[in-house]
Amino acid sequence: CVVFLCFFLGMEKVVVCPYKRPNALYRLICFPWAGGGTSQLAQWGKLFSSSVEVSSVRLPGRESRHKEPFAKDMATVVNEITSALLKELQEKPFAFFGHSFGSYISFAVALHLKEKYGLEPFHLFLSGAHAPHSEAFLPIKTVSISDTKDEDVLKYIEILGGTPSELLQNEDIKEHLILTFREDLRVLQTLSFEKAERNIPFSCDITCFNGSEDKSHDVEAWHDLTSGDISFYELPGGHFYLLEPSNEIFLTKHITKCIENAGL
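An unreviewed UniProt entry annotates the protein as S-acyl fatty acid synthase thioesterase, medium chain of Rissa tridactyla. The record in UniProt for the protein states the following under Catalytic activity (unreviewed entry): "(9Z)-octadecenoyl-[ACP] + H2O = (9Z)-octadecenoate + holo-[ACP] + H(+)". UniProt annotates the protein under Sequence similarities (unreviewed entry) with the comment "Belongs to the thioesterase family."

Right, dumping it as structure tokens:
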């Protein structure tokens, strides 16, 4: 009983599910963007039908985990998420949705689950991200985080959008956001994936989303990573196109259709 309680509390800390659906047929696990928390994607739970239970992953250093030290590398992040989710993912078919930084985490977790446990999401929904083995991803790995000034990080956050301007007026919130963004970028730079020839890691379907005003991402290279079907959608808006209510409706409806048509 104590062991179960510890497991449950560990899971609640890492995985947030405000709209629990114990009878759902499928699970959708969402992975937020750099500097982000669970507030937006966890709320998707109320937009899906009763057949889908939606959870969002919470990394250390933010929200209820703000006193914990930030993760130092991608392997630590992947191991913690896998430990929290493994039992649940063995029970029901599951899909992943990730945006930007979250796309890379979802990819790394999916790869770990496949290699270590033979488990695979039946669908990967990836948003605003390059394929991790493409040349377009390399510049992200070479940005010198320690040399970048706070005001430059803030400017980049403002250009990306997604953070209400009134929050950036609060010094404490602004400082914490800059720190979180830096730490998430540091984690992202430790993502190491080299595509071996003839090795296709996944067999699941992949859907890539992008904002029409966002910089273009090398999404074509995702073709190399699965033997399943792959599709691409461009929605109106910038990097945070997914926060627009009309786009949110499109995404949740489209993801629902993909999940329910998977024929599992």
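Caption draft 1: Quick look at the environment of Leu191. By secondary structure assignment, the location of Leu191 is in the loop between α8 (171–188) and β6 (205–211). Using a relative accessible area of 5% as the deciding quantity, one classes Leu191 as buried. Each C-alpha atom, one on Leu191 and one on Met74, is 5.7 Å from the other, the two residues being 117 residues apart in sequence. Contacts of Leu191, omitting those with residues within four sequence positions, involve Met74, Tyr104, Ala108, Pro132, Phe137 and Lys141.

Caption draft 2: Fine view of empty space enclosed by the protein. Tallied over the full model, the rule gives 2 cavities of 30 Å³ or more. Its volume calculated, the largest cavity comes out at about 60 Å³. Lining the largest cavity, in full, are Phe31, Pro32, Trp33, Gly36, Gly37, Val57, Arg58, Leu59, Arg62, Ile81 and Ile105. A per-class count over the lining of the largest cavity returns 7 nonpolar, 2 polar and 2 charged. The space that makes up the second largest cavity amounts to roughly 40 Å³. At 3 residues, the largest contribution of residues to the lining of the second largest cavity is made by α8. Looking at side-chain class alone, the lining of the second largest cavity contains 7 nonpolar, no polar and 3 charged residues.

Caption draft 3: Spotlight on helix α3 (residues 74–91). Taking 1.5 Å of rise per residue, 18 residues should cover 26 Å, and α3 covers 25 Å from first to last C-alpha, within 8% of that figure. Along α3, the helix axis deviates most sharply at Leu85, where the bend reaches about 55°. Three or more residues of α3 are buried, namely Met74, Val77, Val78, Ile81, Thr82, Ala84, Leu85, Leu86, Glu88 and Leu89.

Caption draft 4: Layout of the environment of Arg21. Secondary-structure assignment places Arg21 in the loop between β1 (15–16) and β2 (26–31). Those residues in contact with Arg21, other than ones at most four positions away along the chain, are Gly45, Lys46, Phe48, Ser49, Ser50, Val52, Glu53 and Lys92. Here the side chain of Arg21 touches Gly45 through a polar contact of 3.1 Å, landing on its backbone oxygen. Looking at Arg21, its side chain comes within polar contact range of the main-chain oxygen of Phe48, at 3.1 Å.

Caption draft 5: Structural view of the pattern of salt bridges. Inspection of the entire model under this criterion finds 13 salt bridges. The shortest N-O distance in the salt bridge between Arg27 and Glu88 comes to 3.1 Å. Of this pair, Arg27 sits in strand β2 while Glu88 sits in helix α3; the two residues are 61 residues apart in sequence, bridging distant segments of the chain. A relative accessible area of 7% places Arg27 in the buried class. Its salt-bridge partner being Glu63, residue Arg58 comes within 2.8 Å of it at the nearest N-O pair. A residue is classified by how much of its surface remains accessible, and Arg58, at 12% relative accessible area, is buried. Taking the relative accessible area as the measure of exposure, Glu63 reaches 30% and is therefore partly exposed. Each member of the salt-bridge network shares a partner with another, and the members are Arg27, Glu53, Lys87, Glu88 and Glu91.

Criteria and cut-off values
Residues numbered from 1 in each chain as written. Predicted model: local features only at pLDDT ≥ 70, side-chain atom pairs only at ≥ 80, totals over all residues. Heavy atoms only, no water. UniProt positions renumbered as here; feature names shortened; annotations may be inferred. Helix = DSSP H or I, 4+ residues; strand = E, 2+ residues; numbered from the N terminus. Buried < 20%, exposed > 50% of the residue type's maximum accessible area, 1.4 Å probe, protein only. Contact = heavy atoms within 4.5 Å. 1 Å grid on protein atoms, 1.4 Å probe; cavity = no way out; pocket = protein on both sides within 12 Å on 5 of 7 lines; lining within 4 Å. Points joined across faces, edges and corners; volume = space filled by probe spheres on them. Nonpolar A, V, L, I, M, F, W, Y, C, P; charged D, E, K, R; others polar. Expected span 1.5 Å × (residues − 1). Bend = angle between axes of the 7 residues up to and from the residue. Polar contact = N/O pair within 3.5 Å; in protein donor to acceptor, adjacent residues only side chain to side chain. Salt bridge = Lys/Arg side-chain N within 4 Å of Asp/Glu carboxyl O.

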